[in-house]
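A look at the structure
One letter stands for each residue in the lines below.
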Amino acid sequence: RLLIIDFGSQVTQLIARRLRELNVYCEIHPFNAVDDAFLAEFDPKAVILSGGPASVIDADSPRPPATVFELDVPILGICYGQQVMMEMLGGKVETGHGTKEFGRAYVTPADSSTKLLDGWFAEEREQVWMSHGDHVSAIAPGFEVFGTSPNAPFAITADESRQFYAVQFHPEVHHTPNGLKFYENFVKLAGFTGDWTMGAYREEAIAKIRAQVGDSHVICGLSGGVDSSVAAALLHEAIGDQLTCVFVDHGLLRKDEAQEVVTMFRDNMNLKVIHADEADLFLGELEGQSDPETKRKIIGRLFIDVFQKYANEIEDAKFLAQGTLYPDVIESVSFSGGPSVTIKSHHNVGGLPEKMGLSLVEPLRELFKDEVRALGRELGLPASFIGRHPFPGPGLAIRCPGEITREKLDILREADAVYIDQIRKHGLYDEIWQAFVAILPVRTVGVMGDGRTYDFACALRAVTSVDGMTADYYPFSHEFLGETATRIINEVPGINRVTYDITSKPPGTIEWE
Ligand code: XMP
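Residues numbered from 1 in each chain as written. Predicted model: local features only at pLDDT ≥ 70, side-chain atom pairs only at ≥ 80, totals over all residues.

Some details on the environment of Ala-46
On the secondary structure map, Ala-46 appears in strand E3 (residues 46-49). Ala-46 sits in the buried class, given 24 other C-beta atoms within 10 Å. Ala-46 sits 112 residues away from Ala-158 along the chain, and the two C-alpha atoms are 15 Å apart. Setting aside its immediate chain neighbours within four residues, Ala-46 contacts Leu-2, Val-73, Pro-74 and Ala-190. (Helix = DSSP H or I, 4+ residues; strand = E, 2+ residues; numbered from the N terminus. Buried ≥ 20, exposed ≤ 12 C-beta atoms within 10 Å, placed from the backbone. Contact = placed C-beta atoms within 7 Å.)

Take a look at the structure:
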């Protein structure tokens, strides 16, 4: 496996993404967690030193342990990683003065070449992405220059006898179009064969789960979302009947959702699923509440109570399974820190395992989201589950601004089903990151046939996004919007007005509460 030592670059995760695309298994660890003992234990076959915002000129700037250069494995330094490498191996780094470089740049080859650049320089020069204030002003003994850019004379350097490679640009970003090839060359030089596939992961993960769990029982919270569905399917394959899933139905699910999840996992896949039908409890406690944070807190608290109640009935349970993913696990290197403002209290069951005295099983903690989907396909989960839009823990509660009533929830479920049906029929589902209807806490006047109506207004929401942190509204055609509005008003009693939400995030959020 390959070790990426993180110095806090915004794009370190992308290095891991690229390597995974090449079917190479790698892990990111922050520089301050990597010491001699760690290196001995990890035993990397190659090391990448990431970029980062610090300056190696500062006395207390981050360093990898010096022993990393004695491991006798290929090392690639990127940006800050290059500079730190040069500094530690006897070269020199200077700051700025007309040689800062941010954005697109072109690297041209030096006389000789290295295997690292196989397939490069097809066009005499390669576009790359630079982002540096400091630059290497003298390379370390043993290094040679293989590529230069106008502001980075040492854009690509290497000491081939020791297999040390160091570049000033970022090969992991999209703006370095040939970057994947660059990484492919590096991992080949390091002897990786690209054999880390989902099939292999599945076997490994199953063996690991069996070793961890032994003959104890595992509880898994099942929401029907991609992560918990894949985790449950994988655990079931590993330990069969030692797994019990708890599906908490808070009465805030979409149309037919509870039935679909239970049928699929219990009837089709033979998992033990407890359907905790607690709609009365949740909706009862939510009655009369209209403040968004109060609603979220009530749901969060009840969710934990309910989950615990059902889980306590499962005999000799020792483990709780969670669908934690790799981006949640990577400890980020923070230089600025500082408290951030709570925009919304997220639904989170993080404290549960300690409270219940259970250990955690996290079979997806090495995977990125798209890899979880690939594993889901490998396990035979239907495409309709794997490609689903995300659905928030508090469910329809946060799509029903103001007070929640059963009447509004029923109307919302119907409108949402029509909207999603429209999106699917027009082949747009996979282009959209998330789409849903929110029912607004106002009634407006309309006319249908010869009669007056006084019904709810609703808002359609559809966004594109990569990670939900920022989002843009989806540019539906007017025809699509018109047709959808007509269908909703005709097919859903209780709604007589449809609006389309064209707010991006920021300044809006994706959900309405
Ligand atoms: P916002 O509305 O904050 O949503 O822009 C960003 C993404 O997060 C989802 N979301 C949640 N997911 N528990 C969740 O599991 C929550 O409490 C929660 N609140 C929002 C939302 O659906 C969107 O995908």
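Let's talk about the UniProt feature "binding site: ATP" (unreviewed entry) in the protein chain
The residues that UniProt annotates with the feature "binding site: ATP" (unreviewed entry) are Ser-223, Gly-224, Gly-225, Val-226, Asp-227, Ser-228 and Ser-229. Among the secondary structure elements, Asp-227 is positioned in helix H6 (residues 226-239). Classification of Asp-227 as partly exposed rests on a count of 19 C-beta atoms within 10 Å. Discounting chain neighbours no more than four positions away, the residues touching Asp-227 are Gly-323, Leu-325, Leu-364 and Val-372. By the secondary structure assignment, Ser-228 is in helix H6. With 20 C-beta atoms counted inside 10 Å, the residue Ser-228 sits in the buried group. (UniProt positions renumbered as here; feature names shortened; annotations may be inferred.)

Notes on the nonpolar core
Membership of the largest hydrophobic core comes to 75 residues, with the highest contact counts inside it found for Val-218, Cys-220, Leu-235 and Cys-245. Each of two domains, domain 2 (198-386) and domain 3 (405-500), supplies a minimum of three residues to this core. Discounting residues that sit within four places of it in the chain, Val-218 has contacts with Val-213, Leu-235, Ile-239, Gln-242, Leu-243, Ala-317, Phe-319, Ala-321 and Val-361. Grouped together as the second largest cluster of nonpolar side chains are 56 residues, Leu-2, Leu-49, Ala-54 and Cys-79 included. (Core = buried A, V, L, I, M, F, W, Y, C linked by C-beta atoms within 7 Å. Domains from an automatic or database assignment.)

So, the sheet that holds strand E16 (residues 359-361)
Ordered in space as E14-E13-E12-E15-E16, the five strands form an open sheet in which the pairing is parallel. Bordering the open sheet on either side are strand E14 (272-277) and E16, each of which pairs with just one other strand. Taken over all neighbouring pairs, the strand axes of this sheet differ in orientation by 30° on average, direction set aside. The pairing of strand E15 (residues 317-321) with E16 spans three bridges and is classified as parallel. By the bridge assignment, Ala-321 is partnered in E16 with Val-361. Against the sheet, H6 contacts strand E12 (217-221), strand E13 (243-249) and E15, and its axis sits at roughly 165° relative to E12. The sheet contacts of helix H9 (residues 292-312) involve E12, E13, E14 and E15, and relative to E13 the element is tilted by about 145°. (Pairing = 2+ DSSP bridges. Axes fitted to C-alpha atoms, helices over the stretch in contact; angles between N-to-C directions.)

With respect to the domain arrangement of the protein chain
Much of the literature gives interface size as the accessible area that the parts lose upon coming together. Each assigned domain of the protein chain is listed with its residue range as follows: domain 1 (2-189), domain 2 (198-386) and domain 3 (405-500). Between domain 1 and domain 3, the C-alpha centre-to-centre distance is 49 Å.

Some points on the packing of helix H14 (residues 406-425) against helix H15 (residues 478-491)
Running from N to C, H14 and H15 cross one another at 145°; their axes reach a closest spacing of 10 Å. Between H14 and H15 the crossing geometry is right-handed. Counting all contacts with H14, which are made through Ala-415, Val-418, Tyr-419 and Gln-422, the residues of H15 involved are Glu-483, Thr-484, Arg-487, Ile-488 and Glu-491. Split by residue class, the contact of H14 with H15 holds four nonpolar, two polar and three charged. (Left-handed = near helix turned anticlockwise from the far one by under 90°. Nonpolar A, V, L, I, M, F, W, Y, C, P; charged D, E, K, R; others polar.)

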